[in-house]
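# Summary of structural features
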Amino acid sequence: MKKLYLYIFLVLMWCGNVNAEYLYKEYRQNPSDYYEYLHGLGDGMGWSITFQDDIGPGFFCQPGNLAIGIKEYIEMFENQAAILISILGKDEVDEMYLGWILGYAHQNEFSCK
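Residues numbered from 1 in each chain as written. Predicted model: local features only at pLDDT ≥ 70, side-chain atom pairs only at ≥ 80, totals over all residues. Heavy atoms only, no water.

## Quick word on the overall build of the protein chain
Broken down by element type, the protein chain carries seven helices and zero strands. Secondary structure elements of the protein chain occur, N-terminal to C-terminal, as α-α-α-α-α-α-α. Classification of the 113 residues of the protein chain by burial places 27% in the buried group. Relative to all contacts within the protein chain whose residues are 6 or more apart in sequence, the contacts with residues 24 or more apart total 73%. (Helix = DSSP H or I, 4+ residues; strand = E, 2+ residues; numbered from the N terminus. Buried < 20%, exposed > 50% of the residue type's maximum accessible area, 1.4 Å probe, protein only. Contact = heavy atoms within 4.5 Å.)

## Points about the state of the cysteines
Tallied over the entire structure, the rule returns one disulfide. Sulfur-sulfur distance for the disulfide between C61 and C112 comes to 1.9 Å. Torsion about the S-S bond of the C61 and C112 cystine: about 100°, corresponding to right-handed handedness. Of this pair, C61 sits in the loop between helix 4 (52-55) and helix 5 (70-88) while C112 sits in the segment after helix 7 (98-109), and the two are 51 residues apart along the sequence. Judged by relative accessible area, C61 falls into the partly exposed class, the value being 34%. (Disulfide = S-S within 2.5 Å.)

## Some remarks on the packing of aromatic side chains
Two aromatic rings, taken as a pair, are described by how far apart their centres are and by the angle between their planes. Overall, the coordinates contain seven aromatic pairs when judged by the stated rule. An angle of 55° between the planes, with centres 6.2 Å apart, marks the rings of Y27 and Y34 as tilted. When sorted by exposure, Y27 lands in the same class as Y34, which is buried. Through successive ring pairs, a cluster of aromatic residues spans Y22, Y24, Y27, Y34, Y37 and F77. (Phe/Tyr/Trp six-rings, centres within 6.5 Å; stacked < 30°, edge-to-face > 60°.)

Now the structure itself:
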């Protein structure tokens, strides 16, 4: 009986397909649903640069004493999306992941140059 439960557990565990990446076209349909996602993603990017000096050149150089909130992340994200749409077109940007756009926004906002 234990083997049966173990088998069922393993089958159910491998059946789920979870995707935490969202495309810009999904964001456009209802932006407010993704505000917390962008906030968490942005905070994670901020934490990721904590040790960047130890591992190589910086991806972006956000000042250490600057706290960024949801409002600032959304503004950075939407400004970057607008720039990309003007360069690449809406259809191309619709297929981009939110994390990529926000990462590029960080790089433009807090350039290491």
